[in-house]
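Listed below, chain by chain, are the residues.
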Amino acid sequence: MLTPCAAALVPLVRLAPPAALAAGAAASGAHQLMTVLGYAVLLAPVALVAALGLPTLVGRPLAERSTARAVRWATASGLAAAVGALALMLYTGERHFVLDLGNWAAVRHDGTGPAAPGEHYHFAVKFEFDRLSVPLTILSFALCGTIGSFAVQYMHREPGFNRFFVLYAVFLTGMVAASTADSIETLFTGWELVGLSSALLVAFFHERPAPARNGLRVWVVYRVSDAALLLAAVVLHHMTGEGDFDALMGSASWPEGRAAMTADQALLVGLLLLVAAAGKSALVPFSGWLPRAMEGPTPSSAVFYGALSVHLGAFLLLRMSPLIALSEGLAAAVVALGLVTAAYAYLVGAAQTDIKSALSFASLAQVGVIVAEIGCGHWAPAMWYVALVHLLGHACLRTLQFIRAPTLLQDYGTLENALGDRLPAARGPLPFAPARVRALLYRFALERGYLDAALADYVARPFVRVFLWCDRTERRWTAYLSGPPRDGPAEPPRPADRDPAGAVHT
């Protein structure tokens, strides 16, 4: 016996042509396969974090050989799944696939306020596979796999071997999450994981003061970038009530999406995102942290600040390209910042005396050009594809140069010993300029544009003064509200009130 609904569907099934049924079954099978591949892409780095981190938490870290095997299998399986997802998208013609894990939090109005009853805010965990996210995911797995194999040999018998690879796994998880994020909250999660692992690996050799100090400087700049991204998320929710990229940019695949907001709103949100991208990608005026990041091990310098992490800000601008298409002022600001960064990095990089700093500024110059190309997409949308290809090719080149740097210095030394003389030096910028101009440029480049001093004097110091004033005010009011001290034996002086000679301050 058939139910009434099933009986009603029988004529429709009989009338449907076999070709349509076959096409529907094929589409359903392709969708299921894409879902499986998407989960494999996301779970591969998470499994690596669990495999390396959980034994460390219980005090029994894996041996070097087991760690190398786990890194190899996780990156290889994630890369195979990402390549399979790309091949399936090309075969089926699907350009946009969303893996929705649902709302993990929702805040609803009770109807008493000005807003209508119903859902007001939701934290959605969604991942998107399209022509922008899939190439960057493949790049992340490929380069992290390459650097992982290199680092197994490079970090052999290093006391922090296990700590390095745990942070490496956290970084890979953050890159995959940020690359495939389909909501700004999911993007922020991956963004934070990348920043945390980057700062901790800059301070990897924490027994020396310089790495710890430079790691703190990197973390402070990342805090500014993260605050700008978080503020942009708040503004987006306030303006549109959505943080999902599908709702903000339209259902069309990248880069054909159109932002559902006005030009002024796009300018405001875009400027906040531009600040976030500038902090993460070391654009002017946040460029001072990039050479400081070279204090970390060479493998992390290669994959972070030469290949992936330094390009994450440019990727954010590419993801938000519909905002750039909507606002000409935002596009002009992006182009200007990219060109200024490229010129600054070229001048400063010419005066560097160590190979890792020189490579970092060379990488920054190309990132500036990529950012300028993204801004030009407002007038020529094809430039967004140019910027994507430029990003992928440049990341591969810089990875090769960073891991080749130690042996390159050895080869240069061998050549100089064979020749009995120094190799000819390249001519600096503006070789025909007057000597006074060249001296000023050299001083500017040697001091790295005084950006660190400017940020310390005009950004960090005012905040510190405000916080110290708040602390003094709190102590004063606390002492006033507590009343006069009761009679009793005088308290001994605190250790902080004694100087190194042992004298007590009165």
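### A few points about the overall build of the protein chain
- Along the protein chain, the regular secondary structure elements total 18 helices and two strands.
- The proportion of buried residues among the 506 residues of the protein chain is 44%.
- Contacts spanning at least 24 positions in sequence make up 76% of the contacts within the protein chain whose residues lie at least 6 apart.
- When the accessible surface of the protein chain is summed, it comes to about 26,100 Å², and 66% of that surface belongs to carbon and sulfur atoms.

### Quick word on helix 6 (residues 184–202)
- With 19 residues, helix 6 extends 27 Å between its outermost C-alpha atoms, agreeing within 8% with the 27 Å of an ideal straight helix rising 1.5 Å per residue.
- Most of helix 6 sits inside the fold, with 14 of its 19 residues counted as buried.

### Brief notes about the packing of helix 6 against helix 12 (residues 312–319)
- Packing of helix 6 against helix 12 leaves a shortest axis separation of 12 Å and a crossing angle of 170°. As judged from the angle between their axes, helix 6 and helix 12 are roughly antiparallel. Residues Leu187, Trp191 and Val194 of helix 6 form the contact with helix 12, whose participating residues are Leu312, Gly313 and Leu316.
- Tallied by class, the residues present in the contact of helix 6 with helix 12 amount to five nonpolar, one polar and no charged.

### Some details on helix 12
- The buried fraction of helix 12 is high, at eight of eight residues.
- Buried residues of helix 12: Leu312, Gly313, Ala314, Phe315, Leu316, Leu317, Leu318 and Arg319, and no others.

### A word on the layout of surface pockets
- As a volume, the largest pocket reaches approximately 870 Å³.
- If you trace the largest pocket, you find 30 residues lining it, with Gly349, Ala350, Gln352, Ala358 and Ala426 closest to the centre.
- Those elements giving two or more residues to the lining of the largest pocket turn out to be helix 14 (328–349), helix 15 (355–376) and helix 16 (382–419).
- For the lining of the largest pocket, the element with the most residues is helix 16, which contributes nine residues.
- Residue composition of the lining of the largest pocket, by class: 18 nonpolar, six polar and six charged.
- Estimates place the volume of the second largest pocket at around 520 Å³.
- Lining the second largest pocket are 19 residues, with Arg217, Val220, Val221, Leu455 and Ala460 positioned closest to its centre.
- Among the elements of the structure, helix 7 (209–240), helix 10 (289–292) and helix 18 (451–482) are those that each provide at least two residues to the lining of the second largest pocket.
- The biggest single contributor to the lining of the second largest pocket is helix 18, with eight residues.
- In the lining of the second largest pocket, the residues fall into 13 nonpolar, one polar and five charged.

### Considerations on the packing of aromatic side chains
- Counted under the stated rule, the structure contains 16 aromatic pairs.
- Note on Phe165 and Tyr168: the rings are 5.7 Å apart at their centroids and 70° apart in plane angle, and the pair reads as edge-to-face. Of the two residues, Phe165 and Tyr168 both sit in helix 5 (residues 161–180), three residues apart, roughly one turn of that helix. Like Tyr168, Phe165 is buried.
- On the numbers, 6.3 Å between centres and 70° between planes, the contact of Tyr344 with Phe361 is edge-to-face. Of the two residues, Tyr344 sits in helix 14 while Phe361 sits in helix 15, which places them 17 residues apart along the sequence.
- For Tyr344, a relative accessible area of 7% corresponds to the buried category.

### Section: empty space enclosed by the protein
- All chains considered together, the criterion is met by two cavities of 30 Å³ or more.
- Taken as a whole, the largest cavity spans an internal volume of roughly 90 Å³.
- Lining the largest cavity are 14 residues, with Glu128, Met249, Ala252, Trp254 and Arg319 positioned closest to its centre.
- Elements with a minimum of two residues in the lining of the largest cavity: strand 2 (118–130) and helix 8 (245–249).
- Broken down by element, the lining of the largest cavity gets its largest block of residues, three residues, from helix 8.
- Of the voids in this model, the second largest cavity is the one considered here, and its volume is about 40 Å³.

### Brief notes about unusual backbone geometry
- The omega angle of the peptide bond from Trp254 to Pro255 is 0°, so this bond is cis rather than trans.
- Geometrically, the link from Val284 to Pro285 is a cis peptide bond, its omega value of 10° lying close to zero.
- Within the secondary structure, Pro285 sits in the loop between helix 9 (263–280) and helix 10.
- In this structure, Arg157 is a non-glycine residue whose phi angle is positive, near 65°.

### Points about the side chain of Asn162
- Structurally, Asn162 is set in helix 5.
- Take Asn162: its relative accessible area is 13%, and that puts it in the buried class.
- Setting aside anything within four residues of it in sequence, one finds Asn162 in contact with Leu52, Thr56, Pro61 and Leu62.

### Let's talk about the environment of Glu416
- Along the chain, the position of Glu416 falls in helix 16.
- On the basis of relative accessibility, which here comes to 21%, the residue Glu416 falls in the partly exposed class.
- The residues contacting Glu416, other than those within four sequence positions of it, are Asp421, Arg422 and Leu423.

### What about the pattern of salt bridges?
- For the structure on display, the rule yields 15 salt bridges.
- The closest approach of N and O atoms between Arg208 and Glu295, which form a salt bridge, is 3.8 Å. Of the two residues, Arg208 sits in the loop between helix 6 and helix 7 while Glu295 sits in the loop between helix 10 and helix 11 (298–305), which places them 87 residues apart along the sequence.
- Linking Arg475 and Asp471 is a salt bridge whose minimum nitrogen-to-oxygen distance equals 3.1 Å. Of the two residues, Arg475 and Asp471 are both situated in helix 18; the distance of four residues between them amounts to about one turn of the helix.
- Asp471 gets classed as partly exposed once you look at its relative accessible area, which sits at 31%.
- When salt bridges with common partners are traced through the structure, they connect Arg95, Arg131 and Glu256 into a single cluster.

About the criteria used
- Residues numbered from 1 in each chain as written.
- Predicted model: local features only at pLDDT ≥ 70, side-chain atom pairs only at ≥ 80, totals over all residues.
- Heavy atoms only, no water.
- Helix = DSSP H or I, 4+ residues; strand = E, 2+ residues; numbered from the N terminus.
- Buried < 20%, exposed > 50% of the residue type's maximum accessible area, 1.4 Å probe, protein only.
- Contact = heavy atoms within 4.5 Å.
- Areas by Shrake-Rupley, 256 points an atom, 1.4 Å probe, with all protein chains shown as cover.
- Expected span 1.5 Å × (residues − 1).
- Axes fitted to C-alpha atoms, helices over the stretch in contact; angles between N-to-C directions.
- Parallel < 35°, antiparallel > 145°, perpendicular 65-115°, else oblique.
- Nonpolar A, V, L, I, M, F, W, Y, C, P; charged D, E, K, R; others polar.
- 1 Å grid on protein atoms, 1.4 Å probe; cavity = no way out; pocket = protein on both sides within 12 Å on 5 of 7 lines; lining within 4 Å.
- Points joined across faces, edges and corners; volume = space filled by probe spheres on them.
- Phe/Tyr/Trp six-rings, centres within 6.5 Å; stacked < 30°, edge-to-face > 60°.
- Salt bridge = Lys/Arg side-chain N within 4 Å of Asp/Glu carboxyl O.

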